[in-house]
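# Coordinate analysis (summary)
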Amino acid sequence: MLKIIKMKISSEQLIIDLQNTVCNAIHTAENLQKKSENELNFRTSENSWSVLECLEHLNRYGNFYIPEITRQISASKTTAQPVFRSGILGNYFAESMLPKEKLNTMKTLKSMNPVHSQLNKNTVGEFIRQQHQLLELLEKAKSIDLNKTKTGISISKWIKLKLGDTFRFVINHNLRHLLQAEKVLKNI
């Protein structure tokens, strides 16, 4: 049976927490830039992802979500509300991306699967650039309603999530794959 948990948090605190997570992601990626391309392209098995493939996967999602979030923030006619209440579906998606002790593997869309891509350190630079864009969007989101402003999602054009949940999903997804990338490096 699906356990329904709805998150309720101050909108300001949610944005601060998300900004801190993004700043940590930038710091992690800057440390990855210090590694050699051989290290960043190392994979633990034939079909596992390398560090660069983990980041490329995130960049591909960023290519969808950053423009979508930008459009919805620009179009929003709402004003900030003091409390964010996650939606049932949005909370489920966001929570499912949180890293757990034993990461549950998930099937990714073919278009988002970077396995065996030819990648270089530019992939890390692009990830960092996208994280800075996310920080700018979080700053802009402080002035609008995170509940009423909705975004599309990458897997269905019919489902819309609250902006607060979209930010949570994207940033948790980034965290999940950065931890995956760090585990790859530990196997070198």
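Residues numbered from 1 in each chain as written. Predicted model: local features only at pLDDT ≥ 70, side-chain atom pairs only at ≥ 80, totals over all residues. Heavy atoms only, no water.

## Side note on the pattern of salt bridges
Applicable threshold: Salt bridges are defined as contacts in which a side-chain nitrogen from Lys or Arg sits within 4 Å of a carboxyl oxygen from Asp or Glu. Numbering of helices and strands runs from the N terminus; a helix is a DSSP stretch of H or I covering at least four residues, while a strand is a stretch of E covering at least two. A simple rule labels every residue: compare its accessible area, found with a 1.4 Å probe on the protein chains alone, to the largest value its type can have, and call it buried under 20%, exposed over 50%, or partly exposed in between.
Tallied over the entire structure, the rule returns 7 salt bridges. The closest approach of N and O atoms between Glu-56 and Arg-60, which form a salt bridge, is 3.1 Å. Residue Glu-56 and its partner Arg-60 are both found in helix α3 (residues 51–75); the two are separated by 4 residues, about one turn of the helix. One salt bridge in this structure joins Glu-68 and Arg-71, with 2.9 Å as the shortest N-O distance. Of the two residues, Glu-68 and Arg-71 are both situated in helix α3; the distance of 3 residues between them amounts to about one turn of the helix. The class for Arg-71 is partly exposed, based on a relative accessible area of 48%. It is possible to trace a salt-bridge network through shared partners that takes in Glu-95, Asp-165 and Arg-168.

## Topic: the nonpolar core
Which entries qualify depends on this criterion: Residue types Ala, Val, Leu, Ile, Met, Phe, Trp, Tyr and Cys, when buried and joined through side-chain atoms within 4.5 Å, form a set referred to as a nonpolar core. The contact criterion used throughout is that any non-hydrogen atoms of two residues lie within 4.5 Å.
Counting 48 residues, the largest nonpolar core has Ile-73, Val-124, Leu-163 and Phe-167 as its most contacted members. Considering every element that reaches this core, the biggest residue donor is α3, with 10 residues. Not counting residues up to four positions away in its chain, the partners in contact with Phe-167 are Leu-18, Ile-69, Ile-73, Leu-134, Leu-137, Leu-138 and Ala-141.

## Here we look at the packing of α3 against helix α5 (residues 122–141)
Condition: Note on geometry: axes are C-alpha line fits, over the in-contact stretch for helices, and angles between N-to-C directions span 0 to 180 degrees. Any angle that falls under 35 degrees is termed roughly parallel, while one over 145 is termed roughly antiparallel, one within 65 to 115 roughly perpendicular, and all others oblique. By convention the crossing between two helices is left-handed if the near helix lies anticlockwise of the far one by an angle smaller than a right angle, and right-handed if it lies clockwise. Ten residues, namely Ala, Val, Leu, Ile, Met, Phe, Trp, Tyr, Cys and Pro, are considered nonpolar, four, namely Asp, Glu, Lys and Arg, are considered charged, and the remaining ones, Gly among them, are considered polar.
Where α3 meets α5, the closest approach of the two axes is 9 Å, and the angle between their N-to-C directions is 30 degrees. Of the possible angle classes, the one that applies to α3 and α5 is roughly parallel. Here α3 runs over α5; the crossing is left-handed. Here Leu-52, Leu-55, Glu-56, Leu-58, Asn-59, Gly-62, Asn-63, Ile-66, Ile-69, Thr-70 and Ile-73 of α3 lie close against α5, whose contacting residues are Thr-123, Val-124, Glu-126, Phe-127, Gln-130, Gln-133, Leu-137, Lys-140 and Ala-141. Tallied by class, the residues present in the contact of α3 with α5 amount to 10 nonpolar, 7 polar and 3 charged.

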